[in-house]
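# Analysis of the macromolecular model
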Amino acid sequence: MWLDAQPLRGEIVELAAGTGWWSPLLAQKASTLWLYDINEPPLEFARQRLVAHGLTAHIHVRDAWAEPDRQVDGLFCGFWLSHVPRARLGEFLALCRRWLKPGGRMAFIDSRRDPESSAVDHPQPENDMSVRKLDDGQTFTIVKVYWQPEELETALLAAGFRDAQVGHTPRFFIHGSAVATD
């Protein structure tokens, strides 16, 4: 409901789109939606999700850290900022700002630390790193930062945004938006 209420419209880019969980909602808001992810297999799920809703988007393999090739009206990141290392947050948000036309809006949803969570596949990260185990037994150490709203608001303002508003749900999720300065 929070994302649905965001005034995202026009040409929208979804960075690190993964399986496209948010893509159908974004496609309904956009005149044109672009989905980017560094891994091709999840993008096939995103495509199927859009087709199931009778929606379309431009879907391409692209690193979320790649320099923008144009400016757009909206930018969305779902469960991606928690994988941005603390030392690189300002750099990534500045890149997000470069994606946007002046007055364009960035929005995001991500994980919030919940000490009462019973999820066994999301152990508490140590030093902003977490070990993830796949169904096939492979394990990977990944960046997993649980940002505080104040940290993100400060970083957004420093990266060239205004009207930064970051909040959270009672459990599990953090969400925010900001407008690109002129």
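First, a word on what this report is: a plain description of the structure on this page.

Time to look at the pairing of strand β7 (residues 139-143). Summarising the sheet, strand β6 (residues 129-133) and β7 pair through 5 bridges and their orientation is antiparallel. The residue bridging lysine 133 from the neighbouring strand is threonine 139, located in β7. Between β6 and β7, which pair antiparallel in sequence order, lie 5 residues; one of them, glycine 137, sits at a positive phi of approximately 95°.

We now examine helix α3 (residues 40-52). Helical geometry note: an α-helix holds 3.6 residues per turn, so side chains three or four residues apart project in the same direction. Its 13 residues give α3 an end-to-end C-alpha distance of 19 Å, which sits within 8% of 18 Å, the value for a rise of 1.5 Å per residue. Restricting attention to buried positions, one finds in α3 the residues Leu43, Ala46 and Leu50. The arc that holds every buried residue of α3, seen down its axis, measures 50°, which confines them to one face. Counted as exposed and oriented over 90 degrees from the buried face of α3: Pro41, Val51 and Ala52. Where α3 is buried, its residues contact α2 (23-29), β2 (30-37) and β3 (58-61).

This brings us to the sheet that holds β3. In a beta sheet, neighbouring strands pair by backbone hydrogen bonds and run either parallel or antiparallel. Read from one edge to the other, the open sheet built from 7 strands follows the order β3-β2-β1-β4-β5-β9-β8, with strand pairing classed as mixed. Only two strands of the sheet have a single neighbouring strand rather than two, namely β3 and β8 (161-168). Going from strand to strand, the sheet's axes swing by 15° on average, the running direction of each strand aside. Pairing between strand β5 (residues 100-111) and strand β9 (residues 173-180): 7 bridges, direction antiparallel. Bridge pairing in β9 links serine 111 to phenylalanine 173. α3 contacts β2 and β3 of the sheet and is inclined by roughly 170° relative to β3. Those strands touched by helix α4 (residues 89-99) are β1 (10-15), β2, β4 (72-78), β5, β8 and β9, and its axis lies near 135° from that of β5.

Each value, and the rule that gives it
- Residues numbered from 1 in each chain as written.
- Predicted model: local features only at pLDDT ≥ 70, side-chain atom pairs only at ≥ 80, totals over all residues.
- Heavy atoms only, no water.
- Pairing = 2+ DSSP bridges.
- Helix = DSSP H or I, 4+ residues; strand = E, 2+ residues; numbered from the N terminus.
- Expected span 1.5 Å × (residues − 1).
- Buried < 20%, exposed > 50% of the residue type's maximum accessible area, 1.4 Å probe, protein only.
- Arc of directions from axis to C-beta.
- Contact = heavy atoms within 4.5 Å.
- Axes fitted to C-alpha atoms, helices over the stretch in contact; angles between N-to-C directions.

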